[in-house]
Structure formats: structure tokens, C-alpha cells
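Survey of secondary and tertiary structure
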6 protein chains.
Amino acid sequence: MKPCVIQVINPNTSLAMTETIGAAARAVASPGTEIVAVCPSQGAPSIEGHFDEAIAAIGVLEQVKQGKAQGVDGHIIACFGDPGLLAAREVASKPVIGIAEAAMHMATLVATRFSIVTTLPRTVIIARHLLQRYGFEHHCAALHAIDLPVLALEQDSGIAQNKVREYCIQSLRQDGVGAIVLGCGGMADLAQELTQELSIPVIDGVSAAVKLIESLSALGLTTSKQGDLDYPIAKPLSGMFSSLR
Amino acid sequence: MKPCVIQVINPNTSLAMTETIGAAARAVASPGTEIVAVCPSQGAPSIEGHFDEAIAAIGVLEQVKQGKAQGVDGHIIACFGDPGLLAAREVASKPVIGIAEAAMHMATLVATRFSIVTTLPRTVIIARHLLQRYGFEHHCAALHAIDLPVLALEQDSGIAQNKVREYCIQSLRQDGVGAIVLGCGGMADLAQELTQELSIPVIDGVSAAVKLIESLSALGLTTSKQGDLDYPIAKPLSGMFSSLR
Amino acid sequence: MKPCVIQVINPNTSLAMTETIGAAARAVASPGTEIVAVCPSQGAPSIEGHFDEAIAAIGVLEQVKQGKAQGVDGHIIACFGDPGLLAAREVASKPVIGIAEAAMHMATLVATRFSIVTTLPRTVIIARHLLQRYGFEHHCAALHAIDLPVLALEQDSGIAQNKVREYCIQSLRQDGVGAIVLGCGGMADLAQELTQELSIPVIDGVSAAVKLIESLSALGLTTSKQGDLDYPIAKPLSGMFSSLR
Amino acid sequence: MKPCVIQVINPNTSLAMTETIGAAARAVASPGTEIVAVCPSQGAPSIEGHFDEAIAAIGVLEQVKQGKAQGVDGHIIACFGDPGLLAAREVASKPVIGIAEAAMHMATLVATRFSIVTTLPRTVIIARHLLQRYGFEHHCAALHAIDLPVLALEQDSGIAQNKVREYCIQSLRQDGVGAIVLGCGGMADLAQELTQELSIPVIDGVSAAVKLIESLSALGLTTSKQGDLDYPIAKPLSGMFSSLR
Amino acid sequence: MKPCVIQVINPNTSLAMTETIGAAARAVASPGTEIVAVCPSQGAPSIEGHFDEAIAAIGVLEQVKQGKAQGVDGHIIACFGDPGLLAAREVASKPVIGIAEAAMHMATLVATRFSIVTTLPRTVIIARHLLQRYGFEHHCAALHAIDLPVLALEQDSGIAQNKVREYCIQSLRQDGVGAIVLGCGGMADLAQELTQELSIPVIDGVSAAVKLIESLSALGLTTSKQGDLDYPIAKPLSGMFSSLR
Amino acid sequence: MKPCVIQVINPNTSLAMTETIGAAARAVASPGTEIVAVCPSQGAPSIEGHFDEAIAAIGVLEQVKQGKAQGVDGHIIACFGDPGLLAAREVASKPVIGIAEAAMHMATLVATRFSIVTTLPRTVIIARHLLQRYGFEHHCAALHAIDLPVLALEQDSGIAQNKVREYCIQSLRQDGVGAIVLGCGGMADLAQELTQELSIPVIDGVSAAVKLIESLSALGLTTSKQGDLDYPIAKPLSGMFSSLR
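Residues numbered from 1 in each chain as written. Chains lettered and ligands numbered in written order. Predicted model: local features only at pLDDT ≥ 70, side-chain atom pairs only at ≥ 80, totals over all residues. Heavy atoms only, no water.

What about the overall build of chain A?
For the record, the criterion: Under the scheme used here, helices are H or I runs from DSSP no shorter than 4 residues and strands are E runs no shorter than 2 residues, and both carry numbers assigned from the N terminus. C-alpha atoms define the radius of gyration, and 2.2 Å times the number of residues to the power 0.38 defines the globule rule. Burial classes: relative accessible area under 20% of the type maximum marks a residue as buried, over 50% as exposed, and values in between as partly exposed (1.4 Å probe, protein chains only). What sets the accessible areas is the Shrake-Rupley method with a 1.4 Å probe; for residues, cover comes only from the shown protein chains.
When helices and strands are counted, chain A shows eight helices and eight strands. Its C-alpha atoms give chain A a radius of gyration of 17 Å, within 12% of the compact-globule value 18 Å for 245 residues. Principal-axis analysis of the C-alpha atoms gives chain A an extent of 55 × 40 × 30 Å. Out of the 245 residues belonging to chain A, those deemed buried represent 70%. Surface accessibility of chain A: about 7400 Å² in total, with carbon and sulfur atoms responsible for 50%.

With respect to the side chain of D:T33
Residue and element names in this part refer to chain D. This is how it is decided: Distance and chemistry together define a polar contact, namely a pair of N or O atoms within 3.5 Å, with one atom able to donate a hydrogen and the other to accept it when in protein, and with adjacent residues in sequence counting only for side-chain atoms on both sides. Between two residues, a contact is recorded if the distance between any of their heavy atoms is within 4.5 Å.
As for its placement among the helices and strands, T33 is situated in strand 2 (residues 33-38). Of note is the side chain of T33, whose polar atom sits 2.6 Å from the side chain of E214. In this structure T33 touches C4, I6 and E214, once residues within four positions along its chain are discounted.

Observations concerning the environment of B:A141
Residue and element names in this part refer to chain B. Here A141 is to be found in strand 6 (residues 140-145). The exposure class assigned to A141 is partly exposed, which follows from its relative accessible area of 31%. In sequence terms A141 and G59 are 82 residues apart; their C-alpha atoms lie 32 Å from each other. Ignoring any residue separated from it by four or fewer positions in sequence, one finds A141 in contact with R113, F114, D175 and V177.

A few points about the domain arrangement of chain A
All names here are of chain A. Using the following cut-off: As annotated, the domain borders come from an automatic or database domain assignment. Accessible area that two parts lose when put together, with a 1.4 Å probe and added across both, is what the buried area reports. One side-chain nitrogen of Lys or Arg within 4 Å of one carboxyl oxygen of Asp or Glu is enough to make a salt bridge.
For chain A, the assigned domains are domain 1 (4-98 + 207-241) and domain 2 (100-205). Taking only C-alpha atoms, the centre of domain 1 and the centre of domain 2 are 21 Å apart. Taken together, the contact between domain 1 and domain 2 spans 27 residues of the former and 30 residues of the latter. Taking both partners together, domain 1 and domain 2 bury about 2100 Å²; carbon and sulfur atoms supply 65% of that area. Of all residues in domain 1, the largest losses of buried area upon contact with domain 2 belong to M17, E48 and F80, amounting jointly to 35% of the total for that side. Taken together, domain 1 and domain 2 are joined by one salt bridge. We note a salt bridge from E101 to R89, for which the minimum N-O separation is 2.6 Å. Of all elements in the fold, only helix 1 (15-28), helix 2 (50-70), helix 3 (85-91), strand 4 (96-98) and helix 8 (205-219) reach the threshold of two or more residues within the side of domain 1 that touches domain 2. It is helix 1 that contributes the most residues to the side of domain 1 that touches domain 2, five residues altogether.

A short note on the arrangement of the chains
Nothing in chain A touches chain D, and the closest approach of their C-alpha atoms is 16 Å. If you take every C-alpha in chain C and every C-alpha in chain F, the smallest gap between them is 16 Å, and the two do not touch.

With respect to helix 4 (residues 99-110) of chain A
All names here are of chain A. Note the cut-off: Multiplying 1.5 Å by the residue count of a helix minus one yields the expected span of that helix.
Given a rise of 1.5 Å per residue, 12 residues ought to cover 16 Å, and the 17 Å separating the end C-alpha atoms of helix 4 matches this to within 8%. Among the 12 residues in helix 4, 12 count as buried, and that is most of the element. For helix 4, every residue scored as buried is listed here: I99, A100, E101, A102, A103, M104, H105, M106, A107, T108, L109 and V110.

Structural notes on the relation of the copies chain B and chain A
For clarity, the threshold we go by: A residue counts toward the fit only if its pLDDT is at least 70 in both copies, and the copies are then superposed by least squares on the C-alpha atoms of those residues.
Once turned by 180° and shifted 0.0 Å along the axis, chain B lies on chain A with an RMSD of 0.0 Å. Considering both components of the superposition, the chain copies are consistent with a two-fold axis. Interface residue correspondence from chain B to chain A reaches 100%, placing this contact among same-surface, isologous pairings.

Some remarks on the relation of the copies chain B and chain C
The two copies are related by a screw motion: chain B maps onto chain C through a turn of 180° and a shift of 0.0 Å along the axis, at an RMSD of 0.0 Å. Counting the interface residues of chain B, we find that 100% of their copies in chain C are interface residues as well, pointing to one common contact surface.

Some words on the interface of chain B and chain C
Going by this rule: Throughout this entry, Asp, Glu, Lys and Arg are counted as charged residues, while Ala, Val, Leu, Ile, Met, Phe, Trp, Tyr, Cys and Pro are counted as nonpolar. The remaining residues, Gly among them, count as polar.
Residue-level contacts link 48 residues of chain B with 48 residues of chain C. Roughly 3500 Å² of surface becomes buried between chain B and chain C when both sides are summed, with 65% attributable to carbon and sulfur atoms. Per-residue buried area on chain B facing chain C is highest for B:L109, B:L219 and B:Q226; these three make up 19% of the total on that side. Where chain B touches chain C, the interface holds zero salt bridges. Counting across the chain B and chain C interface gives 18 residue pairs in polar contact (both at pLDDT 80 or more). When residues of the side of chain B that touches chain C are traced back to their parent elements, those giving at least two are helix 3 (85-91), strand 4 (96-98), helix 4 (99-110), helix 5 (124-134), helix 7 (191-198), strand 8 (202-203) and helix 8 (205-219) of chain B. Here the element with the most residues in the side of chain B that touches chain C is helix 8 of chain B; it accounts for eight residues. Counted by class, the side of chain B that touches chain C contains 26 nonpolar, 17 polar and five charged residues.

A word on the sheet that holds strand 1 (residues 4-9) of chain F
Residues and elements named next belong to chain F. Definition in use: Here, a strand pair is defined by DSSP locating no fewer than two bridges between the strands. Axis lines are fitted through C-alpha atoms, for helices just across the contact stretch, and the angle between N-to-C directions can take any value from 0 to 180 degrees.
Here we have four strands laid out as an open sheet, ordered 2-1-3-4, and parallel in their pairing. Bordering the open sheet on either side are strand 2 (33-38) and strand 4 (96-98), each of which pairs with just one other strand. Taking the axes of each pair of neighbouring strands and ignoring which way they run, one obtains an average angle of 20° across the sheet. Bridge count between strand 1 and strand 3 (residues 74-77): four bridges; the pairing is parallel. Each bridged residue has a counterpart across the sheet, and for I9 the counterpart in strand 3 is I77. Across the sheet, helix 8 (residues 205-219) lies against strand 1, strand 2, strand 3 and strand 4, angled at about 160° from strand 3, the strand it touches most.

Brief notes about the pattern of salt bridges
This structure, assessed with the given rule, holds 42 salt bridges over all chains. Across the salt bridge formed by E:E48 and F:K235, the nearest N and O atoms sit 2.7 Å from each other. With E:E48 in the loop between strand 2 (33-38) and helix 2 (50-69) and F:K235 in the segment after helix 8, the pair connects residues from two separate chains. Of the two residues, E:E48 and F:K235, neither departs from the other in class, the shared state being buried.

Digging into unusual backbone geometry
Negative phi characterises most residues that are not glycine, and trans characterises most peptide bonds. Although it is not a glycine, C:D147 sits at a positive phi angle of roughly 65°. One can find C:D147 in the loop between strand 6 (140-145) and helix 6 (159-174). C:D147 gets classed as partly exposed once you look at its relative accessible area, which sits at 47%. At D:D82, a residue that is not glycine, the phi angle is positive and equals roughly 50°. Its location among the elements puts D:D82 in the loop between strand 3 (74-77) and helix 3 (85-91).

Now the structure itself:
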């Protein structure tokens, strides 16, 4: 099996979160897999709404372009809204996986229904739209927001982590679910501990995405270039976007 | 009734198309309405896929920000994929309407089922996703692509226009629809003529969006700032995005 | 812009409610728009269930026929169940808009999800069915009934109005919605005040429908006469229905 | 088992069709069941659109009221659009079944997917809406219209009957269905012959509804009077509707 | 009317429950109908999950085969998960009805929305999947589990029966439903009493299925042998399955 | 990384197909993964309908039980109907993956829409039901049956293989899809060649399932034992099923 280089793109500019995400990716990577954790050089320090996502999408595309030039074997979009996913698939020749889809797919494989625990209430609609797009509305029993910003997860206080834990426990009690999906890349480091403690699959999308990229790679499957995910039509991009082509 | 200034944003950088769109908007604007047709200073000359849309979304946000600073009463995103729609709603204090949603909403008010005639086959998936998001899957009987690029609509040859016309006629014959939605801002000037010729509502989203903005404005309704469309959370945007806040 | 005459049909026989509805329509009508508020000469004093709706539908058709003879430019069905909507579209040559659809469409343009506050619990199922028919099930987060009859809204006590207000506030707190749809023509006069007070779009379908008729009219769009909304097939109607043709 | 009197309401005023329908009902009625076939004294001679249905609904309600006064054990609405179904359920104390729902329910019990063969193309939308309302969209693979008016089925030429037969055969070949639903009360007499000839369940809703009424009656089940199908709220109905209460 | 023999198959091996079910079936059977209540000679004493259902399906198929050899006129699968339903339809030449589908169908005929009261929480997912398959998701407002095993219903203490009654009352208060479906064959004897006491249709699938089989039989309708419910393709079954062909 | 033993269960008794499937599994297994390909000692030689599936489910459960006793790290159900999937998840403590779900999940990661090419027309309904259950209805554009039995794929003539190839090519031309899912375990050996030849992802579920098991295993995720996939409730199973517990 040839080595596999996976580019893990944290779509925000937080270096701390990039490290958290990179570590989570490395923790599950196969022996032959190399994880390259990156974040855009410009953009927003956290992604907490549609506006932030639009900006993040450009950062994702820049990084995908760079990763492609470096010959990586797959790209991960490590933000729970999967910003720029289909655009990135157009650009890439190799597989691209969003962590929301990764976590949701995995959840349906180990439980009949799952819940999602995310950060701010305003991001819940993003998860709702993804559930609809991906086809998992019937598999998601509830969405919970801990009502703390994304970057609270990078603080040492443990407050955000405790809230995640509380919401997971509460969801277990009342939602009748068999699994919980963590709805933020910044929660990547909590999944395994919570899985152990709660005796229920608590799923992080970053690690899930690593395995899906490895899987597609090993299967010889890559983003289809037939039809609507074909490479973007070549056209002159002006201004700050000129570097994107 | 106080005058209403509507910013019509062509998300691509084609000035010709910006003019086409602006003219279509003016043609239906109420006496008290002023149309300001703009396009991003940088971006892609046409929007024909997810990648182009991601770029277009940034252009849309820049223009919404500018329009907001100028005190416009509403913003139209004049590309059939409605790129950046929810992000723009976050940024704006006034209503924001995409031309795809505008055309689809209007179509459901005059017919039980409609079809869509768009440009390149690869953009069909974008329309499909919007139909799902907006709730109109059951109202859309068919999607057709004329298989010509967006900018072919700006050429004088009339080839693209003829193809649009042919597909409309064909759709009428075989799809059992009562209305046709034109799936590109560049088709804005064709709607009225086709409506006359085919004796069926052929709907252009640009003009439809103008009336919806005027309507919301007159009703005193604007984008809800309660919940998930609230203004983006203030945070330092770096690099080329710093001007967006 | 040529003047536009809009017939606002209150499908029940309450003159007080016809006035409320007419006033709400006039309050938002464009300068060139004339509002003709009518109600059937015979029928039910309020519409609170499927049986009442069946009766109301006939009244609607009679009025549409009269309005058509008078050359009006559009018809509004001012009862939240949109009774007789598709039948009226068959009869009319001009646009016909129901206030439920009008309010729901507008709500989706200013918020990602809305709730509905209606009168009696037994009318909730009617709204549910409309949400399904129109495609807005995913956009409606909750339905609330104030549990007072329609005509309580015409009393001076303010009891019903207070209940509407309470339910709106409660919905804001618990439903995670960005807009509220008022589910009864008799609530038309409450929308603007509540919109102000609650800082959230509170949407009345009567005024929304006025703007949609004006919009379609200005766009040169009218009910499609191709296909299933074509004029009713001419046939001898007997008895009390003979006047309907 | 006590005798069961079933009122079969042909919602149009065609006496010939009332007889066809009555005969179809009697052909499958249990020994203890009496069929009373009626039609409204006033209304439309055939139901071929939403307008006709609105009129038919009143005729249905009048007849349900009469049948209720006569103490019948159940009511059948023998028009494929099930006009006035929920209104009739409000009025009735006994079960009310529409022939569209009856045929569709039965079809799902003998095949995984069915098609519908109806009369005029403009009635297809009515069947579509019922499929959605009843939950059978996934079970219906195709809808076909023979493009002949309802009353063509009452002519002796056999032309309409032949067309029904042709469409059934064609549907069998191309739709991959296991059963066919006849989409008009006037086709009630064709079902058994076609079932024999085509070796596939060809389902008539009139006879199906008879058995469902008998079934509910024997089970001691009747229209729920808890909640939204409770008797209409008593209120003064004016004009031609005064006799409805 | 020729006599009708209905085989009621209790898919578990509990003789007591087989008797309960048989009695419920006989209580509603028409004079000319003979009920043959059977259960598999081998299998599980109760069906409370997917594993139990897989076993039950084989028992059902054995019994259907035997019933077919005996020339019965229809088969009922008397377990709320309808185990083996489509497989049994392949094997049978006569109609096969599951009690879950029977109850759900009947519920939609007497109420706009229903709830389900079942046994163990782990069986709720089975009902959910059936609602989706059958198309009744929109008609089911809530699912409740009394949290007692199936066989508790066969004990004389009345504890399980009381719990069923409590949940029915609670559902009536909070779910806004017009009917309640009892979600276990072992509750068959409770339906009529609860219907009386609660003045709402409380529906047992066993008795409902009896009437549906009688109905299909009288209509000359049987499981379609065209297409995907055709008899199983003849092939050598080995080992313990050799007796199934 | 500790070695991973994956039990690949061919639910039919064909040894040739078991070998094909085992080889396909081994071809993509990671270095540390051992593939144990098994089939039930008794059952049906091919699975081509619901009846065959019911039998296959028991074989699957027997093998899962044996694999569990042997301490395997995951189980694959290598028949495109995923027979016994949820039952197997109840029995297993380790992950269980069906090849239909595996292929469908993977297809949605590399294309916006896919088609399915399966064997006999009667199995199409099984795939339809799975698409609905798994949430992928919107992602599947078309289902095609080559109209040859499963075991034709094990013959040396190449006829079946050619038909698969033809249908893939035809689907590419007309369905507008970006990927093709092979709808039978017996097609496992065709995927890679067709992927190469057609320049589109042609997806085999067996190999996809291997990677998903490896992925879940590496992630420390396993079938949730909280809730409805908990181990079957212990109860005396009689007769031929006694060995299942």
C-alpha cells in the first residue's frame, strides 16, 4: 500500500484549532498516512455562521489548490458546516471530505438515530441544511447548541468541554439516540473520551474524515470528473481571486 | 410611499450582463424605485459551477456591504444559484432576494408545476439543491440545460436565445407544466417575449426579485435579526477579507 | 404604471372582518392600487374547519367571478386556509393569491424558519396540509393555536389580541424561529405592531398577498391557462350553482 | 352482524354514472349491506378540475347530511378527487371514505408500486396532491390520462373503455408496477374485467370503499370526533347554505 | 358469498398470545369467515427487536406455506413489526396483511393524525421504519413505549393493560391526535374497551387486518404476481430451509 | 495498529460467489487486515427477492454469531439487499456493514448523484427501499436491472459482465450521474476495471464495506449498544433457531 498524504484543512485561521484538528487526525491515521494540517493564511478566526462560511470557502479552495499542487491524496474540510465542499470537489482531482458529512455517515453505520451537539445556536441551521442535503434528516433525532463560541473550545478552562459533556449526557437521556455527533472541528479531541465515558459512539468528524479519505484512496475511488463535479471551467479570475486558478 | 433603492448585484464581473440585468430590473421597477445595478470589481466573468459560486459569494458580500453603506432598501443576487444568499442576509439589515428563489416562488403562484431551463448541464445540480432547500421539489417537473455557457447569452448571434426558446417549447409539450422558470440572470430579457409568444408564464428571477424587494419593503418586513440570520459575529478578518467587515 | 384593482375576498360573511381585512390591504397598497374588499352574500360568519372551508370556497368562486366581470387585476382569498384557491385560479384570468401562501412565502424570504400562530386548535391541521402542499414543512418550526374562535378577534376586549401576542412571545423564546406568521385574516391588523414590539418579522398574509398581486401584475404574469389551471370546462351547472358560470 | 347501510354519493349530477357507481358498489357489498346510491340534486354533470370539485364538495355535504338523517352507516364519496372528504368527515358521525383513498390504500396492500389511469390530463394534478396528502407518493410510479372527458365513460361506443384498457396495458409494460388504480368513478365497472384479462390487480375505488366502510363499521371504528374532525362548530349559515346545517 | 378462511399467524411461539390474537380476529370476522390462528412450531416466544423479527419471518413463511397448502383465502402477520411481510407476499397467492399496516391504514381513514402506543422502547424504531415505508410519517404525531415486554400483556395482573391505558390518555391530552394505534398483537383485546372509554378510535391491527383480508377477498384482489411480488424463483434451499419450498 | 479480522459473509450458499467476494475484499484490505470469507452452511444459492432475503438473514445471523465467537473485528453482509442488517447489528458487538449501504455512502462522497445497476428487475424494489431507509433517494438518479439472475455472474461466458458494462455505459449517457453503484455482491470483481474504462467511479460494495469496517475499527467506533441496537433480549429460541443464541 502506497503512502497516503491527507491534507486536513482547518477553514478558520486559528492555529490552536489547526493543531487540535491535526492531532485528532494523526491519532487515527494509518501507519502509511501522513497528515498535513493547514489553515488559510487569511480569513476568519472561527466559523460561526453563513458569512463566516463564505469566507472560509475561499480559504478552503486556496488550500485545496495548494494541496493539489503538492500532490496530496485527499483533502478534509475540518469545519462542521463543510464550507466549500462541492466547490472543493470541483477543484480537486482527489477525494474531498467534509467533517460534518464524515461524522453523519459514520453515525448512521453504528446507530439508527443520532443527535448533534454543536456550539452556537445560530449554527444549528447550517447542520439542518446539511442533514437535508446529505439525506440524514430521518436519522437525526435532535440538535443541541451549547451556546458557547467555537473558540471557547480552545481555552484551558474546560468550561466548553464540560458543556459538551453535559449536553451529550442530556441527549442520551431524552433523545432516544444511539450515537452523538460532535458538531465542531474544535471538539475533535473530546470524542474518544466521551465514547468511553458514556458507552455510546460519540463521533468526531475529523477522525472520521481521515478514515474515509484513506478508504476512498485505497478503493481507487476519487471525486467524479464526469458531470457536475468536473474541474471548474477555465476562465480569467480577476483581483484577489486570480491566484485561485 | 417613500422611494425605494434596490441594489441589483450581478455576482459575475461581466459588465454586459450587469447591464442586461439592470435593464430587466428597471423594466419592472415601480415609479418610486431606483435600480442600482452593480457587479463585483473582482471575481469570475460567469458563474457556472460550485467553484465559481464560492467566488461569487464573496463578490456578493462586498457589494451588499457597499449597498448597506449607501443605505439601499434591498439587495438582489442576480445569479440563478443564489450564491451567498444566507451570508448576505446576515450582513444586510434590509431584505436580500436571490433570483432563483424569486422565480421559483412566483412560478408556484401561477402554476401547479413548472420546469426550469438553464445553461450548462453542470449547473442543474445547483438548481436541484435550491429546489430542495426552498421546498419546491414537488413543484418542479423537469430541469433542462441548453448546453451553452452563460456568456453565450450575451452574444448577438441569437443562438443561445433560440435554444432557450426551443427548450421552452419542448418543455411545454412534454413536461405537463404550467410555467417555465428561466435559470440564468443572463436570460432576464427573454422572459416577457416568451411569455407572450408561448402564452404561458415564462419567469425571470431578476424582475421577480425586484417586485419581492419592493413588496417586503412596503410591508415593513426585513431580514430577521433574531436568531440565525443575525449580523455576523464581529471578529478580525485577515488578509483580503479585512475589507469585508 | 397602469392602476391596479385588487379584489380582496373575505371568504366569511363577517362585515367587521371584511373591513379589518380591507383596511390591512389598503394600508400597504401602492398609490396606483385600488382595494375592493368584499365578502360573499351568503355563507358562514367565520371559517373554522373543513366544513366551513367548503362553504367558503363557493363564496370565493362567486366573488372571483364577479371581480372578473368587473375587470379587477387580481384576487386575494383572505382566509388562512386558502379555501378554493386552485378552483379560483381556474376561474380567474388574473392572479389569485391566498393569504396563507402569501404569508408563508414572505416568511421564508426573511427567516430560515418560522412559526404560525392561529385561532382554534382544529384549524392547525389545515395549516399543516398547506405547508405540505406549498413545500414549506421544513421552514415551519411550530404551530400554535390561541384556542379562541376567529370572531373573538373582532371583539373590542383585546383578549384575543393579547393571546396572539403572548403566543408570539412564547414562540420566539422556545421555537428558535426568525419570523412568525399570523394564521388568520382577522389578525391582519396586528402584524405591524407586533413586528415593531418584538423586533421580528410578524407576517400578515393579507398585506403580503396585496404586494404579491401587485408584483405579478407588474411582471405581466398571471395564472397559467396552459394545463391544469385552465378555465373550467364549460358545462351546465344546475340549481344554486347555475349562477357560477 | 347487524345490517349496514352505505350511502354511495356520486358527487356529480349524472344519473347514468350514479347507476354505474351504485351497481359497482352493490356487486361487492356483503349480504347484510344495503347500498344507497345518490347524487346531488344540483351541481355539475361531471367533475374535471378544481372548480368542479368545489361545487361537488357542497353536493357531497348535502348528501352526507341527508344520509346522516337517514341513519346510514357510512358514506362514500365516489369521485376520484375525494372532493369534500375532510369536510364530510366533520359532518358525519359515521365513516366517510373517498374512492381515491380507498383505491390507493388497497393498491399498496397487493403491490409495491402502482400506476393510476385517469381521464383528462388536467385531473392528474388532483391525484398528485392526494398521493402527497395520503402518503403514497413513493408507491405511485406513474399517472396516465386517457385524455377523454369523464362522461365519455358513459357512452356506449366503448371508445373510452378501450383507451383505459390500452393505457393499463402500456403501464404494465413500461412502469414496472404491480397494480393499476382506475382514476375515475365512471371506470368502476371496468376493474374486474381488466383484473382478469391483465392478470394484475386493477383497482376500482368504489368497490374498495364499500369494503372499507363495511370494515370500519364491523370494527366499531368511526370518524374520530376528538380534535380536528369534530362536528362543525354550530353557526348561522346564510343563503343557499342554510340548509346545510 | 363464498366462505373465507383467514390464517392468522402469530409470529411468536406464545400459545397464550396466539389465543388472544385468534379471539380478537374471531370477534370481528364476518359470518362466512373462519379464523385459523396459528404460530410457528419453532422460534421466539416474543418479538422485541430486529433479531427476533428475522427469526419470526421464517416462522411466518413456514406458516404461509402451510396455509397456502390448506387453501386459505388470506394470511395475517400478527406482530406489529409486520415481519416477513413482502417475503410472505411472494410466497402467497392470496392476500397477506401485516397488523401494523392494517392499523395504520385504518387510523388514517378516521383521523388526520394518530399516535402509536407500543411495548418496549427498542421496538419504536421498527414502527418508525414502517411508517416511512408505508408513507404514514406525516400521519403519525407521536410514538410511545410503555416500557414493558410483550409477554407482560399476557399476565393477569393488568399492569401492562393499565400502562397502555395511561399512555393512551396521555397521548390524547398532549399529542393532538384523533386516533391511537395499539402497537402490539398482544394488545388486540384492549382496543374496543379503550375505544369506548376514551371516545376515540383505538385501533388494533389484528381485527383491522381481518377486515382488510375479507375486503380484498370480496373484491377479487390478491397479491400481484406481476413483477416484484411474484412467487420466489425456484431454487434448491438447503438445510433447515429445505422445507420452505 | 492492531490487526483487524473482518468476516465477509456471503448470505447465499454459492461457494464460487463467496470466493469472488472474498477476493474482492482481500484486494483492498489493509496490510494488517485479515479477511475471512464465509457463507451459511444452509440457505439459498442466490438472493433474488424478499423470500430469499428472509432466509439469507438467518444465515447472516448464524455467521455473525460464529464470527463473534471467533473474535472478529467486524462483519460484512455481502448481498446488495443488506439482509438482516439491523438484526446482525443487535447480535454483534463489533461493526456490521451491508454492501448496499457501503456502496451508496461511498457514491455520495464522490458524486452528487449516482445510478445503480443490479441483476433481476424484481430486486429493484429492494434497492428502492434501502435508498429510502438510508436517506439516499435524492442521490440516486436511476436504477437499472440487467435482467439476468445473480448466478449468471459466476459463469465464464462473460455475458452477464458485458450486460453490466453496457448498462453502465448507457447510464452514463442518459442519467446525468457522476458515479455508478454495482447492485450485487457477485459484481464485486468488475468495479475496478469499469472504473478505469469508463473514467467514472464504479463502486462495489464489498470493497467499500471492508474499508468502512477498518475505518470504524480504527476510530474505536462500534455498533451502539445503547437503545434499539442493544443485544437481543435473552429468550429461549426453540427448534432450528436454538443454535442462534
